[in-house]
Amino acid sequence: MKLKKVYAVIGIIVVSLLIFHGVWYVNQKAYEPYCEGYDLYFTAYGKTTDQEQYTVSLPKYPQFTGNVAIGNLEDTLAIIMWPGLFAKEIKEYGVTLVDQGIGYEVYVDEKMNYLETKKNQFLSDERETVEQLLEQHHAELVNMRELAKGEWGL
């Protein structure tokens, strides 16, 4: 009787591990269409055009979240987008802003506006600076977001 329970527990563990790895594999494969035509750079895929840099980072084992990003050639502005499971739609947006050698990373909404979230933890003067930078670069960010939609369809 005890041996049957041990086999049942082992069977449940094995089946759970197979399901986990199967879902992870399918999720990672969902990013492959976004990498077509890109070069592999150590841990991410990338492509540079006359105006922008595009990158795709596949989910690293055992995580389910990868990202796609678009940045300007000067490395002063970038949008990072985190797709949901199976990379069908974007769940979160982040922006990297560099001003006078100081970098800021901030979560934004789909319209590239400052997002009120616990993840955005700035001192009051930093928050003011970040909001000013977002406003200053808003048109370029929206344009980059549209280019990313055209590139990946997300």
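These numbers were taken from a predicted model, which means no experiment stands behind them. Here the residue index of a chain counts from 1 through its sequence in written order. The predicted origin of the model limits local features to residues at a pLDDT of at least 70 and limits the giving and counting of side-chain atom pairs to 80 or more, whereas totals for whole chains, interfaces and linings rest on all residues. Computation of side-chain values: all heavy atoms of the structure, hydrogens and water removed.

## Here we look at the pairing of strand 3 (residues 52-57)
Regular strands have side chains that alternate between both faces of the sheet.
So, step 1. Two strands pair when backbone bridges link them, and strand 2 (residues 44-48) and strand 3 are joined in this way by four bridges, in the antiparallel orientation. Of the residues in strand 3, the one forming a bridge with Lys47 is Tyr54.
So, step 2. Counted along the chain from strand 2 to the antiparallel partner strand 3, the turn is three residues long. Should DSSP find at least two bridges between two strands, the strands are taken to pair. The numbering of helices and of strands both runs from the N terminus, where a helix is a DSSP run of H or I of at least 4 residues and a strand a run of E of at least 2.

## Examining the environment of Lys5
So, step 1. You can see Lys5 is positioned in helix 1 (residues 2-29).
So, step 2. Considered as a pair, Lys5 and Ile70 are 65 residues apart in the sequence and their alpha carbons are 52 Å apart.

## Remarks on the side chain of Asn72
So, step 1. As for its position among the elements, Asn72 is in strand 4 (residues 67-72).
So, step 2. For Asn72, a relative accessible area of 5% corresponds to the buried category.
So, step 3. A polar side-chain atom of Asn72 sits 2.9 Å from a polar atom in the side chain of Thr76.
So, step 4. Here a residue-residue contact requires only that any non-hydrogen atoms of the pair lie within 4.5 Å. Ignoring anything within four residues of it in the chain, the contact list for Asn72 reads Gln51, Gln53, Leu77, Glu140 and Met144. Type-normalised accessible area, obtained with a 1.4 Å probe on protein chains alone, sets the label of each residue: buried when under 20%, exposed when over 50%, and partly exposed for intermediate values. In protein, a polar contact means a hydrogen-donor-capable atom and an acceptor-capable atom, both N or O and within 3.5 Å, with residues adjacent in sequence counting only if both atoms are side-chain atoms; elsewhere, any N or O pair within 3.5 Å suffices.

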